[in-house]
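Inside the fold
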Amino acid sequence: MPIYKTIINAIKDDIAAGRLQPGQALPTEAQLGEAHNASRLTVRRALSDLREEGVIYTVRAEGSYVGPEDAPKIREPWPFEKLAATIAEGIKKGGYQPDEVLPSESEMIEQHGVAKKTARAAVALLREQGWVYTVPAIGTFVASRDKWPNTP
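Residues numbered from 1 in each chain as written. Predicted model: local features only at pLDDT ≥ 70, side-chain atom pairs only at ≥ 80, totals over all residues. Heavy atoms only, no water.

1. Concerning the packing of helix α2 (residues 29-36) against helix α3 (residues 40-53)
Relative to each other, α2 and α3 sit at 105°, their axes nearing to 9 Å. Taken together, α2 and α3 sit at an angle that is classed as roughly perpendicular. Here α2 contributes Glu29, Ala30, Leu32 and Gly33 to the contact with α3, which in turn contributes Arg40, Val43, Arg44 and Leu47. Residue composition of the contact of α2 with α3, by class: 4 nonpolar, 1 polar and 3 charged. (Axes fitted to C-alpha atoms, helices over the stretch in contact; angles between N-to-C directions. Helix = DSSP H or I, 4+ residues; strand = E, 2+ residues; numbered from the N terminus. Parallel < 35°, antiparallel > 145°, perpendicular 65-115°, else oblique. Contact = heavy atoms within 4.5 Å. Nonpolar A, V, L, I, M, F, W, Y, C, P; charged D, E, K, R; others polar.)

Okay, here's the thing in structure tokens:
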């Protein structure tokens, strides 16, 4: 049996057995290739066939998910999402007060061991969610409590 069909069958078996749920992210192409001792091209062929059958769908720059497309996504948070959640938790617990400046980008990089891009994306997400606001050339500050997202 061709390797790409082995990959297809393995994914279908994982879905049937409940190890992969609708909306759950599949392993990356590299991980699938390593697990099945297959080239990236072979993995892509398998994923392409699964997409054509409607078993999975792919979101560019994110990965492939078990179908249907309207199922809520189940995946590990990206590093910037984890950092944003950590900072938001600190805000909720009073570690940062409204109108207090957040650590600078370079301090976040050092404190959390993340890349510059990750720190920037985390701050952008916090801003989008309403936790913080940024004053250009001054810094990023904790928003007033009435701007925070609804939290338990």
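2. Quick notes on the pairing of strand β4 (residues 139-142)
Here strand β3 (residues 132-135) runs beside β4; their pairing, made up of 4 bridges, is antiparallel. Along β4, the bridge assignment pairs Val135 with Gly139. Where β3 folds back onto β4 in an antiparallel hairpin, the turn is made up of 3 residues, including Ala137, whose phi is positive at roughly 65°. (Pairing = 2+ DSSP bridges.)

3. Observations concerning the pattern of salt bridges
A complete count under the given rule lists 10 salt bridges for this structure. Here Glu81 ties to Arg75 by a salt bridge, and the two come within 2.9 Å at their closest N and O atoms. With a relative accessible area of 21%, Glu81 lands in the partly exposed category. For Lys92, the salt bridge goes to Glu89, with nearest N and O atoms at 3.3 Å. Of the two residues, Lys92 and Glu89 are both situated in helix α4 (residues 79-92); the distance of 3 residues between them amounts to about one turn of the helix. Judged by relative accessible area, Lys92 falls into the partly exposed class, the value being 37%. Counted as one network, the salt bridges with shared partners bring together Glu29, Arg40 and Arg44. (Salt bridge = Lys/Arg side-chain N within 4 Å of Asp/Glu carboxyl O. Buried < 20%, exposed > 50% of the residue type's maximum accessible area, 1.4 Å probe, protein only.)

4. Thoughts on the side chain of Ser64
Counting through the fold element by element, Ser64 comes out in strand β2 (residues 63-66). Within the local environment of Ser64, its side chain forms a polar contact with the side chain of Thr58, the two groups lying 2.7 Å apart. (Polar contact = N/O pair within 3.5 Å; in protein donor to acceptor, adjacent residues only side chain to side chain.)

5. Comments concerning a nonpolar patch on the surface
Together, Tyr133, Val135 and Ile138 give the surface a local cluster of nonpolar side chains, amounting to about 260 Å² of exposed area. Residue position: Ile138 is located in the loop between β3 and β4. Classification of Ile138 as exposed rests on a relative accessible area of 60%. (Patch = residues over 30% accessible without salt bridge, like charges linked within 9 Å, V, L, I, M, F, W, Y side chains within 5 Å. Areas by Shrake-Rupley, 256 points an atom, 1.4 Å probe, with all protein chains shown as cover.)

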